[in-house]
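# Survey of secondary and tertiary structure
What follows is the residue order along each chain.
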Amino acid sequence: MSEVCEESHEGKETVVMKLKRQWHCGSRWTRPQHRVTFFAFLGLVFVALSGLRGVGVASEATSFSSQPEDRFCEKNRNWMKSLPDSRRLSDLALPGTHDTCATRNGVSFGFAKCQSWKLEDQLRAGVRFLDIRCKHIEDEFHIYHGVIDQKTKFKEVVATCQKFLKQQPGECIVMSVMEEGAGRDNGRSFLDTFRDEIQSSESMWVYTSAVPRLGEVRGKVVLVDRVGSLKGFPWSQLEKQDDYQAKIDKKKSLIREWYTRAVKDAGQRWFINYCSGTLPRELVTPKKYAAETNEVALELLRASKPETPARGIFVYDFPSEVLIQTTIDANSRSEEKPKGEKHPK
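Note that this is a predicted model, so its numbers are computed, not measured.

Thresholds, definitions, all that
Residues numbered from 1 in each chain as written. Predicted model: local features only at pLDDT ≥ 70, side-chain atom pairs only at ≥ 80, totals over all residues. Heavy atoms only, no water. Phe/Tyr/Trp six-rings, centres within 6.5 Å; stacked < 30°, edge-to-face > 60°. Helix = DSSP H or I, 4+ residues; strand = E, 2+ residues; numbered from the N terminus. Buried < 20%, exposed > 50% of the residue type's maximum accessible area, 1.4 Å probe, protein only. Lys NZ or Arg CZ within 6 Å of the ring centre and 35° of its normal. Salt bridge = Lys/Arg side-chain N within 4 Å of Asp/Glu carboxyl O. Axes fitted to C-alpha atoms, helices over the stretch in contact; angles between N-to-C directions. Parallel < 35°, antiparallel > 145°, perpendicular 65-115°, else oblique. Left-handed = near helix turned anticlockwise from the far one by under 90°. Contact = heavy atoms within 4.5 Å.

## Quick look at the packing of aromatic side chains
The final tally for this structure, using the stated rule, is 7 aromatic pairs. Consider the rings of phenylalanine 154 and phenylalanine 194, whose centres lie 5.9 Å apart with planes at 35°: the pair is tilted. Of this pair, phenylalanine 154 sits in helix H6 (residues 154–167) while phenylalanine 194 sits in helix H7 (residues 190–197), placing them 40 residues apart in sequence. Each member of the pair, phenylalanine 154 as well as phenylalanine 194, carries the same accessibility label: buried. Connected via pairs of aromatic rings, a cluster forms that spans Phe141, Phe154, Phe190, Phe194 and Trp205. The cationic tip of arginine 226 hangs over the ring face of tryptophan 235; the distance from NZ or CZ to the ring centre is 3.9 Å.

Have a look at this one:
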């Protein structure tokens, strides 16, 4: 045994002396296997603390509250009801959410959570585009963001939408469905599981390769197919801006560019403008990213004019009530409905 270990310490031992003695005496923290565990733990702590850079600060266009105000939801739960039946969905400004059900971080240090509001509250607040990501496990769909289980099943998503549309038959929902990662332990295809899980709500779904008019899809879910076999509106036919790892300044430019393109296109094509993103190498979480990019969308939407109204799907992380309201209000700045146009009762 070393001299340090044999030494009889009188009085109070300093921290440095204690650490030195434990190191030489083979303290359990200095054994190889424990050193690896301890330093790995320190590394995780460092990443977590460094990730505070990406926490994000709520702004006018972002909200990290657990739910929207009830009075706000009461106002917007049926905002589409007043729009003319003849309007194509591509001619509308639709508020949407990226990774709609990603409300949990798990062990992602802030990189998995994209929304603070549960699905029911998003719909009540006026969100009409849903980004649903399903992991196929044991012939069921579980909602995941990357490797993080969001503790929600696709059947629950379907039931929530079905309940909402039954209460608000003048509304419609556009839902993108994609497969999140490789499935496991399945005895059937993704398509077969999809058919099984929507069996009880089959009449609610709209499968089309053409952009529908609002009057054709009230009370329905318009499926956008990101899998390729679900027979919904093809993801490839959308005019997409979804550079989710662009530097923030670049992303702002892309949002502005896609907004301008959609306005000039006048609803001939269906545009989708993702304002969401993340920069893991720079420790910028979805919260931090949204706090920057949502402001650009808000600025553009506020500048919308009757002669050049905003169009397309705007997809957000952590949208605020102000941002959702401004997206909805852009529709009222579109052309007045034709004389004699009928609205649903």
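Now, onward.
## Quick notes on the pattern of salt bridges
Per the counting criterion, the structure on display carries 21 salt bridges. Glutamate 74 is paired through a salt bridge with arginine 77; the nearest N and O atoms lie 2.8 Å apart. We classify glutamate 74 as partly exposed; its relative accessible area is 48%. Here arginine 77 falls in the partly exposed class, since its relative accessible area comes to 26%. Between glutamate 292 and lysine 252 there is a salt bridge, with its nearest N and O atoms 3.2 Å apart. Highlighted residues: glutamate 292 in helix H10 (residues 286–302) and lysine 252 in helix H9 (residues 248–265), separated in sequence by 40 residues. For lysine 252, a relative accessible area of 18% puts it in the buried group.

## Comments concerning the packing of H9 against H10
Between two packed helices, both the angle of their axes relative to each other and the distance between the axes serve to describe the pair. Look at H9 against H10: their axes get within 10 Å of each other, and the N-to-C directions meet at 25°. Relative to H10, the element H9 lies roughly parallel. Handedness of the H9/H10 crossing: right-handed. Counting all contacts with H9, which are made through Ile248, Lys251, Lys252, Ile255, Arg256 and Tyr259, the residues of H10 involved are Tyr289, Glu292, Thr293, Val296, Glu299, Leu300 and Leu301.

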